[in-house]
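# Coordinates in review
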Number of protein chains: 2
Amino acid sequence: MKAAAPSADLSRLSLNHITTRRWSVREAVEGCLRANIPWIGLWRDKVAETGLKESARLVREAGLEVSSLLRGGMFPAVTKAERMVRLDDNKRAVDEAATLGTDVLVLVCGPATDRDLEAARGMVENGVEQLVPYAAGAGVKLGIEPFHPALMTERSVIVTLSQALDLAEQFEPDRVGVALDVYHVWWDPELYPQIARAAGRILSLHVNDWLVPTADSLLGRGMMGDGVIEIRRIRQAVDAAGYTGPIEVEILNPEVWNLPGDEILALVKERYTVHV
Amino acid sequence: MKAAAPSADLSRLSLNHITTRRWSVREAVEGCLRANIPWIGLWRDKVAETGLKESARLVREAGLEVSSLLRGGMFPAVTKAERMVRLDDNKRAVDEAATLGTDVLVLVCGPATDRDLEAARGMVENGVEQLVPYAAGAGVKLGIEPFHPALMTERSVIVTLSQALDLAEQFEPDRVGVALDVYHVWWDPELYPQIARAAGRILSLHVNDWLVPTADSLLGRGMMGDGVIEIRRIRQAVDAAGYTGPIEVEILNPEVWNLPGDEILALVKERYTVHV
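Residues numbered from 1 in each chain as written. Chains lettered and ligands numbered in written order. Predicted model: local features only at pLDDT ≥ 70, side-chain atom pairs only at ≥ 80, totals over all residues.

Let us now look at the overall build of chain A. Secondary structure assignment for chain A yields 11 helices and 10 strands. Relative to the globule expectation of 19 Å for 276 residues, the C-alpha radius of gyration of chain A, 18 Å, shows essentially globular dimensions. Structurally, chain A occupies a C-alpha span of about 65 × 45 × 35 Å along its principal axes. Within chain A, the proportion of its 276 residues that are buried is 51%. Pairs at least 24 apart in sequence give 79% of the contacts found in chain A among residues at least 6 apart. (Helix = DSSP H or I, 4+ residues; strand = E, 2+ residues; numbered from the N terminus. Rg over C-alpha atoms; globule rule 2.2 N^0.38 Å. Buried ≥ 20, exposed ≤ 12 C-beta atoms within 10 Å, placed from the backbone. Contact = placed C-beta atoms within 7 Å.)

Here you go:
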């Protein structure tokens, strides 16, 4: 008798483009088609290289669904003028998301400009508040992504799911939610209660792994199964909170990027099946 | 008219020995005497090199006060036998603290042995529970130190002040408290409410700084003023919670260690005066 194979249901699997960073949008779309991966998560810089309309056409004609666009945010800035520039850029990101056919824009909220964390948190709050009506008009939801506290000075003053929810809950659930990345939240002693609290607000789920030792907290993310995160348990908790959407595999790691793209996708599918 | 000089009250200043890691206990004690630093925080490995009784004699005869002993903890282990070995080692640490003349043993609670964080947290809780009666008998308090989440896999599954307090509050305030290090807690959106909650339980305060960029989260700690932490604000919040004890300068950084010891102490005093 053969042992039962692990579930190979890939219907929720999404390739976050940065996992195959050397590929263009066209190459990533073609790679997903070859690998039967139904979703793709796109990045603005890659989309800009290919062109917005061309990128939208490529994914549409391939029959891929776009799980999210990364990234808006980066609200804190020293001057009001610069904060307005950032807000305008976020509005363009909203438009791009709509054009690409996704209703989720992930917000990486930005680091502080100086030692004053409360001021920075206020700028984030203010930025989201100003962006919401514009995003609503375009039918795009904003997914606040809490970042690992190790990345506080580089990426985000929003560092816990609780804090992200405190902000999201100031708005309607169909306008502002959270984007969960296991890498950023796995350490949190409040993780599971906060995932339950997030029911109805989870817009995106990213998976990868925390490697030991941790060489680089920005670019040292591992393939699922190579690290210590209880990925399946977190995914199941997110499911239990009612999220049934795509699951993006997002690996920021030069060692992964240096593999041939099709090998990366084969590994993604294998590890997704076993560990997610 | 001369501008008022910053306060040069060094009565709470403590040299955590690791800041002058190249020094022996004798050299650190003599350095503190030359620099008029009234307190010293000791490490078990350095004390062992010099000998426990000799270390105790050196600090006592120098008239220095010992602010704390580092470190107990490291409770999670795979087997019950190994956990008993760890507990015995913690009891020796309690005895050493008493011999050295300090009533504070700082607990670095230990990383998980595998992916199961809850099991590891349970082992920490169990370890502290078993250690408390022994420590009480020796008149030594246990200071649970929450560690930065970036160090979760290397040092501690206790990663927030809230979590440390949840554990400490299971015991009498004169038995178990918390050891606060600005490096480990500065990022926490709950920091100030949790410091207020910690009133009566703060046993130790460590200062240093978070450098940007962050090259190494274990050994990349900065001298106060070189990074982004609002050190004075945190110190004032700790004062407002009723803590009037020593403030240890604890810098884990090879670039600092490579300076001549007396230069390190001069810098410590200058930065303490301006930034703490």
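Residue and element names in this part refer to chain B. Within the span of helix H1 (residues 25-35), buried status applies to Val25, Ala28, Val29 and Cys32. Buried residues of H1, viewed axially, fall in a sector of 100°; they line one side. Once H1 finishes, Asn36 follows within two positions and takes phi at roughly 55°, a positive value. (Arc of directions from axis to C-beta.)

Here we take up the pairing of strand S2 (residues 39-43) of chain B. All names here are of chain B. Where burial is concerned, most of S2 is hidden: five out of the five residues are buried. The two faces of S2 match: Trp39, Gly41 and Trp43 on one face and Ile40 and Leu42 on the other face are all buried. Relative to S2, strand S1 (residues 13-16) runs parallel, the two sharing three bridges. Residue pairing in the sheet places Ser14 in a bridge with Trp39 of S2. Chirality of the crossover, the property in question, places the unit of S1, H1 and S2 among those that are right-handed. Two elements, S2 and strand S3 (residues 65-73), share five bridges in a ladder whose sense is parallel. (Pairing = 2+ DSSP bridges. Right-handed = clockwise from strand over helix to strand, strands pointing away.)

Core analysis: the biggest nonpolar cluster contains 174 residues, and A:Leu105, A:Ile144, A:Val178, B:Leu105, B:Ile144 and B:Val178 have the highest contact counts within it. The contacts of A:Val178, once residues within four sequence positions are left out, are A:Gly143, A:Ile144, A:Leu161, A:Ala164, A:Leu165, A:Ala168, A:Ala198, A:Arg201, A:Ile202 and A:Leu203. (Core = buried A, V, L, I, M, F, W, Y, C linked by C-beta atoms within 7 Å.)

A separate point is the relation of the copies chain A and chain B. Mapping chain A onto chain B is achieved by rotating through 180° and translating by 0.0 Å along the same axis, at an RMSD of 0.0 Å. The superposition operator between the copies reduces to a two-fold rotation axis. Proximity to the rotation axis, assessed at the C-alpha, singles out A:Ala150 in chain A; its C-alpha lies 2.8 Å from the axis. When the interface residues of chain A are mapped onto chain B, 100% of them again fall at the interface, so both copies present the same face. (Least-squares fit on C-alpha atoms with pLDDT ≥ 70 in both.)

With that settled, the discussion passes to the interface of chain A and chain B. As a measure of interface size, the accessible area lost when the parts come together is often cited. On the side of chain B, 17 residues touch chain A, which itself brings 17 residues to the contact. When the residues that make up the side of chain A that touches chain B are grouped by side-chain class, the tally is nine nonpolar, six polar and two charged. (Nonpolar A, V, L, I, M, F, W, Y, C, P; charged D, E, K, R; others polar.)

A few words now on the packing of helix H1 (residues 25-35) of chain A against helix H3 (residues 52-62) of chain A. Residues and elements named next belong to chain A. Between H1 and H3, whose axes approach to 10 Å, the crossing angle comes to 10°. Relative to H3, the element H1 lies roughly parallel. Side by side, H1 and H3 meet where Val25, Arg26, Val29 and Leu33 of the first sit next to Ser55, Leu58, Val59 and Ala62 of the second. When grouped by side-chain class, the residues that make up the contact of H1 with H3 number six nonpolar, one polar and one charged. (Axes fitted to C-alpha atoms, helices over the stretch in contact; angles between N-to-C directions. Parallel < 35°, antiparallel > 145°, perpendicular 65-115°, else oblique.)

Turning our eyes to something else, we now look at the sheet that holds strand S3 (residues 65-73) of chain A. Residue and element names in this part refer to chain A. Taking strand neighbours around the barrel as the criterion, the eight strands line up as S1-S2-S3-S4-S5-S6-S7-S10 in a closed arrangement whose pairing is parallel. The average undirected angle you get between the axes of adjacent strands in this sheet is 30°. Of the pairings in the sheet, the one linking S3 to strand S4 (residues 104-108) comprises four bridges and is parallel in character. Within the sheet, the bridge partner assigned to Gly72 lies in S4 and is Leu107. Those strands touched by helix H9 (residues 231-240) are strand S6 (176-181), strand S7 (202-207) and strand S10 (247-249), and its axis lies near 170° from that of S7.

Another point: the sheet that holds S1(B). Residues and elements named next belong to chain B. With parallel pairing, eight strands are arranged side by side around a closed barrel as S1-S2-S3-S4-S5-S6-S7-S10. The average angle at which neighbouring strand axes cross in this sheet is 30°, direction not considered. The sheet strands contacting helix H5 (residues 117-138) are strand S4 (104-108), strand S5 (141-144) and strand S6 (176-181), and the helix crosses S5 at an angle near 150°.

Residue and element names in this part refer to chain A. Scored by pLDDT, chain A has a mean of 96; 97% of the residues are at 70 or more. Low pLDDT (under 50) marks residues 1-6, which in the prediction has two contacts with non-local residues, meaning those over four places away or in another chain. Taken over the whole predicted complex, pTM reads 0.95, whereas the ipTM for its chain interfaces reads 0.93. (pLDDT = per-residue confidence, 0-100.)

Glancing now at the pairing of S4(A). All names here are of chain A. Burial runs high along S4: five of the five residues are buried. A two-sided burial pattern is seen for S4, the buried positions comprising Val104, Val106 and Val108 on one face and Leu105 and Leu107 on the other. With helix H4 (residues 80-100) bridging S3 and the parallel S4, this β-α-β connection has right-handed handedness. Note: S4 against strand S5 (residues 141-144), four bridges, orientation parallel. When the bridges of S5 are listed, Leu107 appears paired with Ile144. Note on the crossover from S4 through helix H5 (residues 117-138) to S5: the handedness is right-handed.

This part covers helix H11 (residues 261-275) of chain A. Residues and elements named next belong to chain A. Here H11 is 15 residues long and its end C-alpha atoms lie 21 Å apart, about the 21 Å a rise of 1.5 Å per residue gives. Three or more residues of H11 are buried, namely Gly261, Ile264, Leu265, Val268, Arg271 and Tyr272. The buried side chains of H11 occupy one side of the element, clustering within an arc of 135° when seen end-on. Looking at the buried side of H11, the elements it contacts are strand S1 (13-16), H1, S10 and helix H10 (254-257). (Expected span 1.5 Å × (residues − 1).)

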